[in-house]
Amino acid sequence: MVASTFVEAFRFMPNHFSLLLEKAGETAELAFTALAIALVIALPLGLWLGHKHRGLLLALGISSVGRSLPSVALIGLGIGILGVGFWNNTVALVVLAIPPVLTNTYFAVEGVDPDAVEAARGMGLTETQILTRVELPLGLPLLLAGLRIAAVFVIATATIAGIFGGGGLGDIMARQVTYGLGGVFAAALWVAGLALLTAAALGVAQRAASRRMTPRT
Amino acid sequence: MPSAAAELVFDEATKVYPGREGAAVDHLSLTVPAGEICVLVGPSGGGKTTALKLVNRLIPLTGGDIRIDGTSILDHDLVELRRSIGYVIQQVGLFPHMTIEANIGTVPKLLGRDRKWIRRRVAELLELVGLDPDKDRKRFPAELSGGQRQRVGLARALAANPSLMLMDEPFGAIDPIVRARLQDEFLRLQHELRKTVVFVTHDIDEAIKLGDRIAILREGGRLAQYDTPQRILEQPVDDFVADFVGRDRALKALSLRTLGDLEPTSAAGDGLPRLPAETNLRDALAVLIAEHREALVVVGADGRALGVVKREDLLR
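Residues numbered from 1 in each chain as written. Chains lettered and ligands numbered in written order. Predicted model: local features only at pLDDT ≥ 70, side-chain atom pairs only at ≥ 80, totals over all residues.

Below, the discussion takes up the overall build of chain B. The secondary structure content of chain B amounts to 14 helices and 13 strands. At 22 Å, chain B has a C-alpha radius of gyration in line with the 20 Å of a compact globule built from 316 residues. Within the span of chain B, comprising 316 residues, buried residues form 40% of the whole. (Helix = DSSP H or I, 4+ residues; strand = E, 2+ residues; numbered from the N terminus. Rg over C-alpha atoms; globule rule 2.2 N^0.38 Å. Buried ≥ 20, exposed ≤ 12 C-beta atoms within 10 Å, placed from the backbone.)

What follows covers the overall build of chain A. Of the regular secondary structure elements, chain A holds nine helices and zero strands. Its helices and strands taken in sequence order, chain A reads α-α-α-α-α-α-α-α-α from the N to the C terminus. Across its three principal axes, chain A shows a C-alpha extent of roughly 65 × 50 × 25 Å. Taking the contacts inside chain A whose residues are at least 6 apart along the sequence as the reference set, 76% of them involve residues at least 24 apart. (Contact = placed C-beta atoms within 7 Å.)

Glancing now at the interface of chain A and chain B. When the parts come together, some accessible area is lost, and that loss is often what is quoted as the size of the interface. In this assembly, 18 residues from chain A lie in contact with 19 residues from chain B. Counting residues per element, the ones that place at least two in the side of chain A that touches chain B are α6 (114–123) and α7 (127–157) of chain A. Sorting elements by how many residues they give to the side of chain A that touches chain B places α6(A) first, with seven residues. Taken together, the residues of the side of chain A that touches chain B break down into nine nonpolar, four polar and five charged. (Nonpolar A, V, L, I, M, F, W, Y, C, P; charged D, E, K, R; others polar.)

A separate point is helix α7 (residues 146–158) of chain B. Residues and elements named next belong to chain B. With 13 residues, α7 extends 19 Å between its outermost C-alpha atoms, agreeing within 8% with the 18 Å of an ideal straight helix rising 1.5 Å per residue. The buried fraction of α7 is high, at 10 of 13 residues. When α7 is considered as a whole, its buried residues turn out to be Arg149, Gln150, Arg151, Val152, Gly153, Leu154, Ala155, Arg156, Ala157 and Leu158. Elements that come into contact with the buried residues of α7 comprise β6 (85–89), α3 (100–104), α4 (106–110), α5 (115–128), β7 (164–168) and α8 (176–193). (Expected span 1.5 Å × (residues − 1).)

Turning our attention to the sheet that holds strand β11 (residues 274–276) of chain B. Residue and element names in this part refer to chain B. In spatial order, the strands read β11-β12-β13; together these three strands make up an open sheet with mixed pairing. The open sheet terminates on both sides in strands that have one partner only, identified here as β11 and β13 (305–310). Direction aside, neighbouring strands of the sheet carry axes that sit 35° apart on average. Of the strand pairs in this sheet, β11 and strand β12 (residues 295–299) are connected by three bridges, and their pairing is parallel. What sits directly across from Pro276, in β12, is Val299. (Pairing = 2+ DSSP bridges. Axes fitted to C-alpha atoms, helices over the stretch in contact; angles between N-to-C directions.)

Residue and element names in this part refer to chain B. On domain assignment, one finds that chain B holds domain 1 (8–84 + 162–253), domain 2 (96–150) and domain 3 (259–314). Taken over C-alpha atoms, the centre of domain 1 sits 27 Å from the centre of domain 2. In this complex, domain 1 contributes nine residues to the contact, which on the side of domain 2 involves eight residues. When residues in the side of domain 1 that touches domain 2 are grouped by element, the largest group, four residues, is from α8. (Domains from an automatic or database assignment.)

The subject of this paragraph is helix α13 (residues 281–290) of chain B. The periodicity of an α-helix, 3.6 residues per turn, causes residues three or four places apart in sequence to face the same way. All names here are of chain B. Listed as buried for α13 are Leu281, Ala284 and Leu288. The arc that holds every buried residue of α13, seen down its axis, measures 60°, which confines them to one face. Exposed side of α13, more than 90 degrees from the buried face: Ile289 and Ala290 are the residues found there. Of the residues trailing α13, His292 is marked for its positive phi of about 50°. (Arc of directions from axis to C-beta.)

Residues and elements named next belong to chain B. Strand order in the open sheet formed by six strands is β6-β7-β8-β3-β9-β10, and the pairing between neighbours is mixed. Each edge of the sheet is formed by a strand with only one pairing partner; in this case those strands are β6 and β10 (222–227). Taking the axes of each pair of neighbouring strands and ignoring which way they run, one obtains an average angle of 15° across the sheet. In this structure, strand β3 (residues 37–41) lies alongside strand β9 (residues 213–218), joined through four bridges in parallel fashion.

Residue and element names in this part refer to chain B. Where strand β1 (residues 8–15) lies against strand β4 (residues 63–68), five bridges are found, and the strand directions are antiparallel. Of the residues in β4, the one forming a bridge with Leu8 is Ile68. Pairing of β1 with strand β2 (residues 25–32), which is carried by five bridges, proceeds in the antiparallel orientation. Note on β2: the bridge partner recorded for Phe10 is Leu30.

Moving on: the nonpolar core. With 129 residues, the main nonpolar core has A:Leu93, A:Ala97, A:Val154, B:Leu40 and B:Val198 as its most contacted residues. Here this core takes 14 residues from α7(A), the largest share from any one element. No fewer than three residues from each of domain 1 (8–84 + 162–253) and domain 2 (96–150) of chain B sit in this core. Counting residues in hydrophobic clusters, the runner-up holds nine residues, among them B:Leu281, B:Ala284, B:Leu288 and B:Val298. (Core = buried A, V, L, I, M, F, W, Y, C linked by C-beta atoms within 7 Å.)

This part takes up the packing of helix α2 (residues 17–52) of chain A against helix α9 (residues 176–211) of chain A. Residue and element names in this part refer to chain A. Relative orientation of the contacting elements α2 and α9 amounts to 45°, with a least axis distance of 11 Å. As the angle between them shows, α2 and α9 are arranged oblique. Relative to α9, α2 is oriented so that their crossing is right-handed. For the pair α2 and α9, the contacting residues are Leu20, Ala24, Thr27 and Ala28 in the first and Ala186, Trp190, Val191 and Leu194 in the second. Per-class residue counts for the contact of α2 with α9 are seven nonpolar, one polar and no charged. (Parallel < 35°, antiparallel > 145°, perpendicular 65-115°, else oblique. Left-handed = near helix turned anticlockwise from the far one by under 90°.)

Bringing the environment of B:Gly86 into the picture now. Structurally, B:Gly86 is set in strand β6. Once you skip the residues sitting within four places of it in the chain, B:Gly86 turns out to touch B:Ala157, B:Leu158, B:Pro162, B:Met165 and B:Leu166.

All names here are of chain A. Relative to each other, α2 and helix α5 (residues 86–110) sit at 30°, their axes nearing to 6 Å. As α2 runs across α5, the sense of the crossing is right-handed. A breakdown of the residues in the contact of α2 with α5 according to their chemical character gives 23 nonpolar, seven polar and one charged.

See below:
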């Protein structure tokens, strides 16, 4: 049964390649829009709180609330306000993406070597320069780790948009009657692939960002 | 590219932290003449680091004033003030994501110097602090030893050619052998550059070795004595200072002078220990004690004997 589904899934892929590609594109669009919005909100907030070494409780509070809200419930609620479609799903995913981005950005900046920051301030860097030239580059690896976690969450969860008229690979997964179990499985594999690819790309960026700061042996 | 050293004046400078009893720095008044090294020394809680950080306004003054060449630090733009002062801290605080060159070039870059100027300046400074411009310029801080990092920290503080340097226990985290070498090199540098330097340490021997003047601060940030090392050692104003400089202060005072400062006689020196003229009197005395001798031969830089010095000449 499982084996035959597996075979079916791999037969589905070449036969419906353009469909999968189109749906993967929709999922990616949804996920990356949500990630971008989450970054615009959480990044400046996390940077500012981390730089000021304050608002730990605020950052953690927003994060735990965000994490404990089930996306499905949020989308259900959102239908009443935003209607069915792209934006309703996007909002739910933004809420999902904010916590890891916010907490990691906060701790990335907050945890930068205080001596480097003190030296920078004593040398006459402005607060903005301290943030952009010292704290941000030094915190970048941790910050990117947060972004990676958020990206995996969001891409995986973006499939539920299929149930709520948001399109994407979830659309295939929600229509077993049309595409068969093999189709559902194929779409699931593509979602996993998309998430892993994104995670890998961010992982490369993360390593590049931390490479210089560790001694070369 | 010499910049005139600045005169630094603490005028009743006071720092009180809200919610804390007593002052951290209490009506501190002293003048550091241009081109001299003033060492702030004292027990912990004496407010020496606080006093230092008042100067570049990392800690804001509560009362009184601090003037650099007659202008109050409060009348300077904060960022411009800091860029005009060299700042060195114990943990160095190099930027780990930047090359040595970028670290040293930080302030010149902020001041709008072009790349060529910065490259030249970095090479000049690396040479000055005893590093290899070709080899070390492109390295990262993690690739250097503690002593090398502190040299880079010093070069970075000197980059914009400040007329005033603030140094907060710069050699405190370095092993004794390297520390002594860095101290010697720092003195050699200072001999060349003639900056006004405020130097914080908790080590009285370091203060005596480096300071043109020493300010001893006691608990509560009050100035106990501000004097030359010689006078601090020979005429401590009270028991606190005498205690702080230690029971061996007479010996420490010996270390301030060298055999070259004495007038050797032309007595016969056969079989006596031979010591170079730059040996300090404390070390010379130690040699006499160890070798059970009453006199020694002072030797010049060219290896020729300058004459004989007796034990009692050392102690006079």
